[in-house]
Amino acid sequence: MKKTDLVVVGGGPAGYVPAIRAAQMGRSVVVLEGEELGGTCLNHGCIPTKTLAATAHLLRQSRECTRFGLSGGLEMSWEAVLKRKNLVVTRLRKGIEAHLEHLGVRVLRSRGVLRGPGIVEAGENTITADKVLLAPGSVPLVPGFLEVPGVLTSTDVLNWQSLPASLVIVGGGVIGCEFASILAAFGVKVTIIEMLPGILPGVDRDVSAVVARSLSRAGVKVITGNGSRGVEVNGPEATVHLADGTSVSAERILAAIGRRPRTADMGLAEAGVVLDHRGCIRVDQNCLTNLPGVYASGDATGMWWLAHAGSAQGLAAVHHAFGAPERPVDPDRMPGCIFTDPEVATVGPGEDQWRERGVPVKTGTARYIANGKAVGMNETEGFIKIVSREDDDTVVGVQIVGADASSLVSGAVLAVNAGVKAGDWSRYIHPHPTLSELFMEGAESLGIGALHG
């Protein structure tokens, strides 16, 4: 029986980040992780896929080199690409391990089982703690009709030893579209099947339409409004049968429906933790469960499936647990990025969602094609859209589709969190020539009009 101030069950971003903060507060911390530190994000998700996306983007740019007055081209080695991906992941994982060790955080290589408030089993060890943070993460969701030997998940794709000639992706959300964008650049013939009317549900329709057109130009076939009703995998050929009676065949099938919480076999129900119908852990605004001193963060709460959201929840939990200034997480200020080509980035609800809520909003847009830096970069596809409330001009959402959207969105994060007025934003002087000028132009379009269209 060991005693500590905090035991964290899970070593992903929703676990190791709050563990670091608690240690910085002078608390004794134990992290339980049965696999590799870094969780899905570092080992099987965000980092490896974005490393592949960087390679895919550079490869696409090389194919446009004549537009820059250059000649020649690049050839890809999948073996070398995988090697670099693995090196990036290993380097970052070792950095986390070293930082935790430096702070005195103890890491036990075991999956934790909750036995009650303040009591966690880790293999042969029983740990008692003043506070417990549950951050077990998630795993790929594979519905029954896709539970067929040979159907792949995102984890499988990242460990391919060779690329297939063709691939059918069931699911047109973030995971499916990112893999389609990456693999199409690598020469794979990709088909996306999405049961909803459009891809990338959750972002505004005009934003997802830009990505759909880009995927189409890259050779990706996108089938929407027609879900899968069954699959067959027979040797070198896999077939997806669609709801309308047609079928699509390819060398391999990827299930990209989404993810589900990894909460089974943790003793949660037996300990009295309230779960929803999906198996997600219910928490309040401070990420506290219904049990005293037991918190939860990350994918297992089912609120977001985003690494940075999980980290924010974990920080909210340890701040509340140990009496630091509270930092509750506001869903209406949560940013997100999608690493297709072009990229998508958002903060706050978009235009479509605000209107569905019945909130009167107005929008202003600025298009990349009217931006001097974008033209010089040969990155003219996409736009920035600023959403503000009609009654007081406060910026309540921003959606970006275009080059470097994932970096640009940080400026929008500040604006939404600070409650900036669109009229004020239009008067903030932005440096020229930069992509950031798109924010000024978009805000101006909400008033008298953008200067450059």
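Whatever comes next refers back to the structure up there.
Residues numbered from 1 in each chain as written. Predicted model: local features only at pLDDT ≥ 70, side-chain atom pairs only at ≥ 80, totals over all residues. Heavy atoms only, no water.

A.B. asks: Where do I start with the pairing of strand S1 (residues 2-9) in this structure?
C.D. replies: Each regular strand shows side chains that alternate between the opposite faces of the sheet. Of all eight residues in S1, six are buried; the element is thus mostly enclosed. Bridge count for S1 against strand S6 (residues 125-134) is seven bridges, and the pairing is parallel. Considered in S6, the bridge of Leu6 is made with Lys131. In terms of strand pairing, S1 meets strand S2 (residues 29-32) through four bridges, oriented parallel. When the bridges of S2 are listed, Val7 appears paired with Val30. Handedness of the S1-helix H1 (residues 13-24)-S2 crossover: right-handed. (Buried < 20%, exposed > 50% of the residue type's maximum accessible area, 1.4 Å probe, protein only. Helix = DSSP H or I, 4+ residues; strand = E, 2+ residues; numbered from the N terminus. Pairing = 2+ DSSP bridges. Right-handed = clockwise from strand over helix to strand, strands pointing away.)

A.B. asks: Sorry if this is basic, but what is going on with the environment of Gly95 here?
C.D. replies: By secondary structure assignment, the location of Gly95 is in helix H4 (residues 78-103). Taking the relative accessible area as the measure of exposure, Gly95 reaches 41% and is therefore partly exposed.

A.B. asks: Where do I start with unusual backbone geometry in this structure?
C.D. replies: Trans is the prevailing form of peptide bonds, just as negative phi is the prevailing case for residues other than glycine. Across the junction of Asp341 and Pro342, the peptide omega takes the value 10°, indicating a cis bond. His432 connects to Pro433 through a cis peptide bond whose omega is 0°. Positionally, Pro433 belongs in the loop between helix H13 (422-427) and helix H14 (437-445). A positive phi angle is found at Leu200, which is not glycine, with a value near 50°. Not every positive phi belongs to a glycine, and Asp265 is a case in point at roughly 60°.

A.B. asks: Looking at this structure, I do not really get the sheet that holds strand S22 (residues 395-402). What am I missing?
C.D. replies: Across a sheet, paired strands are connected by hydrogen bonds in the backbone, their directions being either parallel or antiparallel. A sheet is described by the order of its strands in space; here five strands give the open sequence S18-S19-S22-S21-S20, paired in antiparallel fashion. Every interior strand has two partners, whereas the edge strands, strand S18 (335-338) and strand S20 (361-367), have only one. Along the sheet, successive strands turn relative to each other by an average axial angle of 10°, direction set aside. Pairing of S18 with strand S19 (residues 343-347) involves four bridges; the strand directions are antiparallel. Each bridged residue has a counterpart across the sheet, and for Pro335 the counterpart in S19 is Val347. The strands that helix H12 (residues 405-418) touches are S18, S19 and S22; relative to S19, the one it contacts most, it runs at about 10°. (Axes fitted to C-alpha atoms, helices over the stretch in contact; angles between N-to-C directions. Contact = heavy atoms within 4.5 Å.)

A.B. asks: In this structure, what is going on with the packing of H1 against helix H9 (residues 307-321)? I would like to understand it.
C.D. replies: How two helices sit against one another is set out by the angle between their axes and by the gap between those axes. Close contact between H1 and H9 brings their axes to 7 Å; oriented N to C, the two are set at 35°. H1 and H9 meet at a crossing whose hand is right-handed. Along the contact surface, H1 presents Pro13, Ala14, Val17, Pro18, Arg21 and Ala22, while H9 presents Ala307, Gly310, Ser311, Gly314, Leu315, Val318 and His319. Here the contact of H1 with H9 is composed, by residue class, of eight nonpolar, four polar and one charged. (Left-handed = near helix turned anticlockwise from the far one by under 90°. Nonpolar A, V, L, I, M, F, W, Y, C, P; charged D, E, K, R; others polar.)

A.B. asks: In this structure, what is going on with the pairing of strand S13 (residues 237-242)? I would like to understand it.
C.D. replies: Taken together, the six bridges between strand S12 (residues 228-234) and S13 define a ladder with antiparallel strand orientation. Across the sheet, Asn234 pairs through a bridge with Glu237, a residue of S13. Joining the antiparallel neighbours S12 and S13 is a turn of two residues, in which Gly235 adopts a positive phi near 60°. Where S13 lies against strand S14 (residues 247-250), four bridges are found, and the strand directions are antiparallel. Across the sheet, residue Thr239 finds its bridge partner in S14, namely Ser249.

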